Amino acid sequence: MNPQRLYDYLHGRAQSGSADIQPVCAYVYDLAHLRRRADILRCSLPAQCQLFYAIKANSDEPVLKTLLNHTDGFEVASLGEIQRVRAVDSAVPIVFGGPGKSDIELEGALDQRIMLIHVESEHQLRRLDWIAQCRHEVADVLLRVNPAHVPQEATLHMGGQATQFGIEEAQIPDLLRLIQILPGVRLKGLHIHAISNNLDPDTHLALIAHYFDLAEAWQRHYGLKFDWLNVGGGIGVNYADPGSSFDWENFCAGLSALIAARQPEFRIVFECGRFLAADCGCYMSEVIDVKTTYGKHFAILRGGSHHFRLPVSWQHNHPFIILERESWPYPFPRPAVHDAPVTLCGELCTPKDILARDVRIKQLRAGDCVAFLLAGAYGWHISHHDFLSHLHPERVFLDNC
Ligand SMILES: *Cc1c(COP(=O)(O)O)cnc(C)c1O
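The rules we used
- Residues numbered from 1 in each chain as written.
- Predicted model: local features only at pLDDT ≥ 70, side-chain atom pairs only at ≥ 80, totals over all residues.
- Heavy atoms only, no water.
- Helix = DSSP H or I, 4+ residues; strand = E, 2+ residues; numbered from the N terminus.
- Rg over C-alpha atoms; globule rule 2.2 N^0.38 Å.
- Contact = heavy atoms within 4.5 Å.
- Areas by Shrake-Rupley, 256 points an atom, 1.4 Å probe, with all protein chains shown as cover.
- Lys, Arg positive; Asp, Glu negative; His and termini not counted.
- Charge placed at Lys NZ, Arg CZ, Asp CG, Glu CD.
- Phe/Tyr/Trp six-rings, centres within 6.5 Å; stacked < 30°, edge-to-face > 60°.
- Lys NZ or Arg CZ within 6 Å of the ring centre and 35° of its normal.
- Buried < 20%, exposed > 50% of the residue type's maximum accessible area, 1.4 Å probe, protein only.
- Near = heavy atom within 4 Å.
- Polar contact = N/O pair within 3.5 Å; in protein donor to acceptor, adjacent residues only side chain to side chain.
- Salt bridge = Lys/Arg side-chain N within 4 Å of Asp/Glu carboxyl O.

## Considering the overall build of the protein chain
Assigned secondary structure in the protein chain consists of eleven helices and 19 strands. Expected size for 401 residues packed as a compact globule is a radius of gyration near 21 Å; at 23 Å, the protein chain falls within 12% of this value. Each principal axis of the C-alpha atoms in the protein chain carries an extent, and together these give about 80 × 40 × 40 Å. Taking as baseline every contact in the protein chain between residues at least 6 positions apart, the subset at least 24 positions apart corresponds to 73%. Accessible surface, the protein chain: about 17200 Å² in total, of which carbon and sulfur atoms supply 52%. One way to put it: in the protein chain the 36 positive side-chain charges average out to a point 2 Å from where the 46 negative ones average out.

Right under this line is the structure:
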């Protein structure tokens with residue numbers, strides 16, 4: 001991923017007259033980088049593991065097509081996401097999670113030959129069983145567990161505390177008994193996705209060892225044999241320091257040792273979103289104006305949180321680099337900030353539209369471009385695009401650039 005090259009491409013194209021001369025505002029995705037990344041991550045996993053892609057991070061068709069033969073399958077959380085995957089391939093393995101699956105979605109999952117449905121409550125289990133029985137089918141399921149204990153280092157928590165996700169650990173035994181007598185569902189194992197954006201491989205390894213404990217104890221106690229343990233996603237990227245990310249090599253070495261020591265018979269599935277896709281996209285936005293108000297410097301961007309909600313959602317300063325533009329078309333001075341903290345704002349009429357606050361820069365001028373890094377996951381797809389009816393950003397998918 002080389003933002004300068006991507007910017008040169010955009011800018012060169014604008015100058016060659018093949019696009020309107022609008023201020024630069026674009027998501028640029030590097031599909032070759034995404035493909036390489038998936039290969040590297042998948043190759044270092046122990047043989048007993050599979051890597052699925054959680055498409056909610058970025059469900060654009062070029063991204064799904066790129067990952068199709070470079071991951072083991074896709075994790076989805078709605079019928080719409082199932083359809084997005086099936087539009088790309090009619091047979092690729094899909095696993096289906098989400099706390100609020102409607103009957104229509106469960107029917108759709110059966111229609112679309114979902115490999116595993118992750119069941120998140122007793123009622124969901126009974127509804128799926130009912131629907132499958134009416135169709136004279138049997139649905140393969142994993143029970144989604146909300147474990148009683150998870151480490152608290154990560155940014156978001158779906159488990160280890162009261163949340164809407166999955167089934168409380170203490171209620172699992174009852175469901176393991178119930179599932180045996182429901183003819184429309186077949187238990188294939190467990191699913192546990194409890195944290196998001198964890199940066200520490202040791203914590204993540206300890207978490208997985210704990211999931212092994214839970215799975216093995218229930219297998220033994222209820223005479224079961226799980227085929228799958230889905231350990232979720234939740235592996236993080238470091239927005240505060242993009243250069244230092246989760247040490248995947250080290251993690252995989254630890255995981256190999258853990259598997260060698262414990263010899264679990266089930267296969268292990270990772271369903272990563274952020275860790276796969278974040279680094280493959282950046283959001284580029286031209287500086288429209290620069291001003292100083294009550295002693296603080298502000299740069300106003302063509303774009304903002306309606307295109308890229310992640311920094312506001314997570315209340316962080318999003319990492320960026322500045323791409324300089326030397327040409328200045330006006331016959332009057334160019335507004336600029338030098339050697340000072342600047343706040344990067346969007347074009348919306350709300351004081352919340354801030355992508356980075358008080359970040360010291362060497363120089364930033366109107367007409368320069370800011371490239372926000374790690375914007376390939378949970379960027380465009382979580383944003384409220386039409387608030388204020390500004391133009392959408394361009395969305396550019398490059399391969400082999
Ligand atoms: C969102 C989600 C993921 C992906 O999480 P990342 O933090 O992006 O890796 C995986 N599994 C489930 C059930 C999810 O909801």
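Okay, back to it.
## A closer look at the packing of aromatic side chains
Inspection of every chain in the model, using the stated rule, returns 20 aromatic pairs. The interplanar angle of 40° and the centroid separation of 5.5 Å between the aromatic rings of W248 and F251 together place this pair among those described as tilted. Taken together, the positions of W248 and F251, both in helix α9 (residues 248-262) and three residues apart, correspond to about one turn of that helix. Sitting above the plane of the F275 ring, R37 keeps its charged end 4.6 Å from the centroid. One cation-aromatic arrangement involves R395 over Y27; the distance from NZ or CZ to the ring centre is 5.8 Å.

## Some points on unusual backbone geometry
In this structure, Q263 is a non-glycine residue whose phi angle is positive, near 50°. Looking at the secondary structure, you find Q263 in the loop between α9 and β12 (267-272). Judged by relative accessible area, which is 61%, Q263 ranks as exposed. One non-glycine residue, D339, lies in the positive phi region at around 45°. Looking at the element boundaries, D339 is found in strand β16 (residues 336-345). For D339, a relative accessible area of 52% translates into the label exposed.

## Concerning the site of the ligand
The full set close to the ligand counts 14 residues, and K56, G234, E271, R274 and Y378 are the nearest of them. Separating an oxygen atom of the ligand from a side-chain N or O atom of S196 is a distance of 3.0 Å. G273 is positioned with one of its backbone polar atoms (N or O) 3.0 Å from an oxygen atom of the ligand. For the ligand, whose free accessible area comes to 390 Å², the fraction covered by protein is 91%.

## Some thoughts on the pattern of salt bridges
By the definition in use, this model includes 21 salt bridges. Note that R186 is salt-bridged to D140, the shortest N-O span being 2.7 Å. Separated by 46 residues along the polypeptide, R186 in strand β9 (residues 185-191) and D140 in strand β6 (residues 139-146) bring together distant segments of the chain. Note on R186: relative accessible area 40%, which makes it partly exposed. Among the salt bridges present, the one from D174 reaches R177, with a minimum N-O distance of 2.7 Å. Here D174 and its partner R177 are both found in helix α7 (residues 172-180), three residues apart, which amounts to about one turn of the helix. D174 sits in the partly exposed class, given a relative accessible area of 49%.

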